[in-house]
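Fold and geometry: a report
For reference, the chains in residue letters:
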Amino acid sequence: MTISHTHPPHRPLTAALWMTGAITSFSAMAIAVRELKGAHDTFEIMAVRSAVGLLIVLAVAFATRRLGEVSAQRLGGHVLRNAIHFTGQNLWILAVTLIPLAQVFALEFTTPIWVLLLSPFFLGERITALRLLAAVLGFVGILVVARPDLAGANTAGANLGMAAAAASAVCFALTGITTKVLTRRESIVSIMFWLTLLQLVFGAALALWDGVVRWPTAASWPWLVLIGVTGVVAHFCLTSALRLAPASFVMPIDFARLPLIAVAGAVLYGESIDASVLAGAAIIFAGNYINVWAETRRARS
C-alpha cells in the first residue's frame, strides 16, 4: 500500500472525536495503573504494556494487510520521538514522588501551552487568537481544579519535583510535535509499530537494570493487559487526530482529561468533587468549545 506524502485534509471535528477516544483511553489507563500500585515498578509496567501493544499492532496490521506500511526509513525520527516520550513519562513519575499531585497535574497540563508556543517553530503552524484563548482558558480551568499550593515548594525536593513536572510537560509537548511531523510521511501503522517496539526495548532494559524483576501474577495480569490495550487505543486516537488537524488545535482538547479523572475518582474511590472541580470543568469545556468551533468554521471556509 502506498503512503501518500500529501498533507491530510483538515477535519477538526473528526480530530476532536478522535481526541475524545484518546482522553477516555488515557483515563482508563491511569485507573489501571493506580490499581497496580506497589505490584510492579514503572519500567515493568511499561515493558508489559508495550509488549501487549506490540502484539495488538502486529495482529491488526496483519489482519488488515497493512504490515507492509512499517518502514525503517525514518527510524531516527521514531527513536527521537519515543526517547523524548519515555523521558517525559519517567520525569512525571519522579515528580509524583516529590510534590503533591495537584501541582504535578497543574504543571503537566501546561503541555498544550508548550505545543502552542513551539508549533510555529517546528511545524510552521500559525498561532491564532482563538487557539491562544482556548489554551489559556484550558490552563485556567486546570488551575481552578488543581489549586496548586506553590507556597509549599520551598525545599530542595519540592524544587526538584516542580522542575521534573515542568520538564515532563515540555517532553510531552515535543512528543506531540514529533508525532505530528511523522504523520506527514508515515502511516499510523508504522508509527504505532515503532512506538510499541521501542517502548518495549526501553522498558525491558531498565526493568532488568537492577536485576530484580517481579513477574505478572493472576491478580495483576488483567490490569496490565488493560494498560496495554488502552495505551495502544489512546496513541492510535491521538495520532489519528494529529493527522487531521494542527497540533496547536488538537493538544488543548486534552485539558478535558482532568475533570473526567475527577469524576472517575469520585465514582471508583470515593474522592470528593467540590465546586472548584465543576467550575474548572466548565472553563475547560468553554475553551474546548471555542477551539473546536473556530477550527470547524475555518475548515469550512
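Calculation rules
- Residues numbered from 1 in each chain as written.
- Predicted model: local features only at pLDDT ≥ 70, side-chain atom pairs only at ≥ 80, totals over all residues.
- Heavy atoms only, no water.
- Helix = DSSP H or I, 4+ residues; strand = E, 2+ residues; numbered from the N terminus.
- Buried < 20%, exposed > 50% of the residue type's maximum accessible area, 1.4 Å probe, protein only.
- Contact = heavy atoms within 4.5 Å.
- Areas by Shrake-Rupley, 256 points an atom, 1.4 Å probe, with all protein chains shown as cover.
- Expected span 1.5 Å × (residues − 1).
- pLDDT = per-residue confidence, 0-100.
- Patch = residues over 30% accessible without salt bridge, like charges linked within 9 Å, V, L, I, M, F, W, Y side chains within 5 Å.
- Salt bridge = Lys/Arg side-chain N within 4 Å of Asp/Glu carboxyl O.
- Core = buried A, V, L, I, M, F, W, Y, C linked by side-chain atoms within 4.5 Å.
- Polar contact = N/O pair within 3.5 Å; in protein donor to acceptor, adjacent residues only side chain to side chain.
- Phe/Tyr/Trp six-rings, centres within 6.5 Å; stacked < 30°, edge-to-face > 60°.
- Axes fitted to C-alpha atoms, helices over the stretch in contact; angles between N-to-C directions.
- Parallel < 35°, antiparallel > 145°, perpendicular 65-115°, else oblique.
- Left-handed = near helix turned anticlockwise from the far one by under 90°.
- Nonpolar A, V, L, I, M, F, W, Y, C, P; charged D, E, K, R; others polar.

**Some thoughts on the overall build of the protein chain**
- A count of helices and strands for the protein chain gives twelve helices and zero strands.
- Ordered by position in the sequence, the α and β elements of the protein chain form the string α-α-α-α-α-α-α-α-α-α-α-α.
- Within the protein chain, buried positions represent 47% of all 301 residues.
- Pairs at least 24 apart in sequence give 90% of the contacts found in the protein chain among residues at least 6 apart.
- For the protein chain, the exposed area adds up to about 14300 Å²; of that, 71% sits on carbon and sulfur atoms.

**Let's talk about helix 11 (residues 257–269)**
- Over its 13 residues, helix 11 runs 17 Å from end to end, which matches the ideal 18 Å to within 8%, given 1.5 Å per residue.
- Within the span of helix 11, buried status applies to Arg257, Leu258, Pro259, Ala262, Ala264 and Gly265.
- Downstream of helix 11 by a residue or two, Gly270 has a phi angle that is positive, lying close to 70°.

**Topic: the confidence of the model for the protein chain**
- Confidence in the prediction for the protein chain averages 81 pLDDT; 88% of positions are at 70 or higher.
- Per-element confidence in the protein chain ranges from a low mean pLDDT of 69 for helix 4 (residues 101–108) to a high of 91 for helix 8 (residues 188–207).
- Scored below 50 in pLDDT, residues 1–6 makes ten contacts in the model with residues more than four places away or belonging to other chains.

**Concerning a nonpolar patch on the surface**
- Nonpolar side chains collect at one region of the surface, where Trp114, Leu117, Ile127, Leu132, Val136 and Val140 lie side by side and expose about 470 Å² of accessible area between them.
- Residue assignment for the nonpolar patch shows that the elements contributing at least two residues are helix 5 (111–122) and helix 6 (129–146).
- Inspection of the secondary structure puts Trp114 in helix 5.

**Some words on the nonpolar core**
- Counting 32 residues, the largest nonpolar core has Ala15, Met19, Leu238, Phe249, Val250 and Ile253 as its most contacted members.
- Going through the elements one at a time, helix 1 (12–35), helix 2 (42–63), helix 5, helix 7 (156–183), helix 9 (221–244) and helix 10 (247–250) are the ones with two or more residues in this core.
- For Phe249, the contacting residues outside a window of four places in its chain are Pro12, Ala15, Asn291, Val292 and Glu295.
- Listed in part, the nine residues of the second largest apolar core include Leu54, Ile188, Met192 and Leu198.

**Observations regarding the side chain of Thr230**
- Residue position: Thr230 is located in helix 9.
- A polar side-chain atom of Thr230 sits 3.3 Å from the main-chain carbonyl oxygen of Ile227.

**Side note on the environment of Ser25**
- On the secondary structure map, Ser25 appears in helix 1.
- When the C-alpha atoms of Ser25 and Ile227 are compared, they prove to be 9.0 Å apart, with 202 residues separating the residues in sequence.
- In this structure, Ser25 is in contact with Thr230, Val233 and Ala234, ignoring residues within four places of it in sequence.

**Focus: the packing of aromatic side chains**
- Tallied over the entire structure, the rule returns four aromatic pairs.
- Three or more aromatic residues joined by ring pairs form one cluster here, namely Phe43, Phe86 and Phe202.

**Some points on the packing of helix 2 against helix 8**
- Where helix 2 meets helix 8, the axes come as close as 8 Å, and the angle between the chain directions of the two elements is 150°. It follows that helix 2 is roughly antiparallel to helix 8 by the angle criterion. Remark: the crossing between helix 2 and helix 8 carries left-handed chirality. From helix 2, Phe43, Glu44, Met46, Ala47, Ser50, Ala51, Gly53, Leu54, Val57, Leu58 and Ala61 reach across to helix 8, where they touch Val189, Met192, Phe193, Thr196, Leu197, Gln199, Leu200, Gly203, Ala204, Leu206 and Ala207.
- Classifying every residue of the contact of helix 2 with helix 8 gives 16 nonpolar, five polar and one charged.

**Observations concerning the pattern of salt bridges**
- Summed over the entire model, instances satisfying the criterion amount to three salt bridges.
- Of the charged contacts in the structure, one is a salt bridge between Glu44 and Arg214, with a shortest N-O distance of 3.8 Å. Of this pair, Glu44 sits in helix 2 while Arg214 sits in the loop between helix 8 and helix 9, and the two are 170 residues apart along the sequence.
- Taking the shortest distance from any N to any O, the salt bridge between Glu186 and Arg74 comes out at 3.0 Å. Here the residue Glu186 occupies a position in the loop between helix 7 and helix 8, and Arg74 occupies one in the loop between helix 2 and helix 3 (75–98), the gap between them amounting to 112 residues.

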